[in-house]
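# Reading the structure
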Amino acid sequence: LSLSLLSLSRSSRRMNEKQRSILLESSARFPPPQGVKLSYGTSGFRADASILQSTVFRVGILVALRSLKTQSVIGLMITASHNKVSDNGVKIADPSGGMLTQEWEPFADAVANSPDSQHLVQLIHEFVKKENIPLEGSQSAEILLGRDTRPSGESLLEAAKQGISSVVGAVANDIGVLTTPQLHWMVRARNKGMKASELDYFDQLSSSFRCLMDLIPQGSAINDMNEKLIVDGANGVGAEKLEILKKMLNGLDIDIRDSGKGVLNEGVGADYVQKEKVAPYGFGSADVGLRCASLDGDADRLVYFSMLSNSNKKIDLVDGDKILSLFALFIQEQLSILNKDEDEKISKYYNACLGVVQTAYANGASTDYLKHLGLEVVFTPTGVKYLHEKAARYDIGIYFEANGHGTILFSEHFLCWLEDRSNELSSTSKGSEQQKAALRLLAVSKLINQAVGDALSGLLLVEATLQHMGWSIRRWSELYHDLPSRQLKVKVLDRTAVVTANAETVVVSPPGIQEAINAETAKYPRARCFIRPSGTEDVIRVYAEATTQEAADSLANSVAQFVDQFLGFGSS
């Protein structure tokens, strides 16, 4: 026995030596760029594509370790989302289909910025020991790989594969060109033991969309909803995937523009439309008043708009806050129908907890509207990971940022109850309003991508909901009127000097600055203002809101001056 144990420990040590030499040899082929420091944020690593080879190779190693640690499938996506075409980046999808756990972000930073192969391998050795990761080849690891349409994607994907294959037992499964949300969806589905191919994704979206369309109340869709939808595809991957969905849903009249002939994200896409508040390239006078939507470069953001006039491409923007409001209204309506029948025994009811999650950047008018509906609205710091985490605490949690990134989460407990209730209703009162409401909610839970914000599934849910309500885009836009706002950036010596609390709405440090903001804000009716440090650069972001644009501008400028006095280059 002692001999076999000895040989086992030797073989494991030899495996470790083998593993060490593989890592040293492969990482020597991907030296890090000089003088570049990268950090893993909400959007992963992003930079000019020309300097990312080493980073993506190293992230390949990291995802293999993550897969070994969790004994689950992990995703690696090559994309820079709404950034310009010369940029690229890498994002990691955790077993839930969500973003990489925050606990591993410091390791991601250390791995990316390690100066050479020796340091890198030592870092990995220490981390593997600390995390107790089985690295002797006894366990297998699987990583799903995807990329968007950027020309630099192919060579970066190859670097990721090299990183993955330098961990013994790790296998890279290249799915090809995908939207970011598709990859997240596939990772989630695989780890739940469900069908997880791209075709399965399209099947689930199209069948749940059809189900919602079949359940539209009689006489609902006779308004001016019959016009076609015009979609700006940002010259990215979302456009080609929407073409596939369009063929599967022959009842949907969609005109897809900016579908790849132009430059990715240049004068097109959700980020451009939402920030500039103008129509994208390729939209003209014939489109005035029509229902239009914009996807971003990797199809994880969605905004709607209608053109006001062609002279200056001005638009009426329907942003993430209004998409959230539409979904909240629809779900609240279905829940109230489901719990309507007072004759039933009370045990049939499930008082579902519906929550709405926003950041301080959500327009105050949207928050007032949602509260007026009687909904619970909570705030988190800026960043999808915070929103997603908070939304997961509800039976149904809805979150969106104004930029059009968001989704709806349904708890397993609530979905189990809903399935049972739906089956019960189909045998006792088939065709009743309650049964239809249960079926609608089940369809929404399958249509929406619960892993992450998804412009394609979000677009289909908006279309089904507008048809259900019988609403034009104008009627939807008039749910409430946004308060005018202004955002500014102030360059500072050290952004970490600003410490905030209460979901970034109050400055705790440095002392005195919050009092100055309060005094200035009090000069304007219905005004609010906050500052927060940027996550990526040495700037402080200022957000101000008031009843007129002049007041919002004036408040933002005054507060920007305070920031400069307290922290800017003037303060030194």
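Residues numbered from 1 in each chain as written. Predicted model: local features only at pLDDT ≥ 70, side-chain atom pairs only at ≥ 80, totals over all residues. Heavy atoms only, no water.

## Side note on the UniProt feature "binding site: Mg(2+)" (unreviewed entry) in the protein
What counts is decided by this rule: UniProt positions are given in the numbering used here, feature names are shortened, and annotations may be inferred rather than shown by experiment. The helix and strand labels rest on DSSP assignments: H or I over at least four residues marks a helix, E over at least two residues marks a strand, and numbering proceeds from the N terminus. Contacts were defined at the residue level, with two residues in contact if any of their heavy atoms lie within 4.5 Å.
Summarizing the sequence annotation, UniProt attributes the feature "binding site: Mg(2+)" (unreviewed entry) to S81, D296, D298 and D300 in the numbering used throughout. Spanning 220 residues, the named residues nonetheless gather at one spot, since no C-alpha pair among them exceeds 7.8 Å. Tracing the sequence through the fold places D298 in the loop between β8 (291–295) and β9 (302–307). Those residues in contact with D298, other than ones at most four positions away along the chain, are T79, S81, K91, T179, T180, P181 and V237.

## Notes on the nonpolar core
Here is a general trend for soluble globular proteins: nonpolar side chains tend to be buried in one another's company. Our working definition: In this description, a nonpolar core means a group of buried Ala, Val, Leu, Ile, Met, Phe, Trp, Tyr and Cys residues linked to one another through side-chain atoms lying within 4.5 Å. Buried residues are those whose accessible area, probed at 1.4 Å on protein chains only, stays under 20% of the maximum for their type, while exposed residues exceed 50% and partly exposed ones sit between those limits.
Counting residues in each nonpolar core, the largest one holds 84 residues, and the members touching the most others are Y304, I408, F414, L459 and W476. No other element matches the 11 residues that helix α10 (residues 320–338) contributes to this core. Counting residues in each nonpolar core, the second largest holds 44 residues, with F57, W104, L120 and I124 among its members.

## Points about the packing of aromatic side chains
How we decide: Stacked, tilted and edge-to-face are the three classes applied to pairs of Phe, Tyr and Trp rings, where Trp contributes its six-membered ring and a pair requires centres within 6.5 Å; stacked means planes under 30 degrees apart, edge-to-face means over 60, and tilted covers the rest.
The tally for this structure, following the rule as stated, stands at 15 aromatic pairs. Arranged with centres 4.5 Å apart and planes meeting at 10°, the rings of F30 and F57 form a pair that is stacked. Separated by 27 residues along the polypeptide, F30 in the loop between α1 (2–28) and β1 (45–48) and F57 in helix α2 (residues 53–70) bring together distant segments of the chain. For F30, a relative accessible area of 12% gives the class buried. What makes F57 buried here is its relative accessible area of 0%. Ring centres of W104 and F127 lie 4.8 Å apart, and the angle between their planes is 90°; on these two criteria the pair is classed as edge-to-face. Residue W104 is located in the loop between β3 (87–93) and α3 (105–113), and its partner F127 is located in helix α4 (residues 117–131); the two are separated by 23 residues in the primary sequence.

## Description of unusual backbone geometry
As a rule of thumb, non-glycine residues mostly have phi less than zero, and peptide bonds are mostly trans rather than cis. Following S509, the chain continues into P510 via a peptide bond in cis, with omega recorded as 0°. Within the secondary structure layout, P510 lies in the loop between β17 (506–509) and α17 (513–521). Its identity as a non-glycine residue notwithstanding, N132 has a phi of 60°, on the positive side. Structurally, N132 can be placed in the loop between α4 and β4 (141–147). At E504, a residue that is not glycine, the phi angle is positive and equals roughly 70°. By secondary structure assignment, the location of E504 is in the loop between β16 (499–501) and β17.

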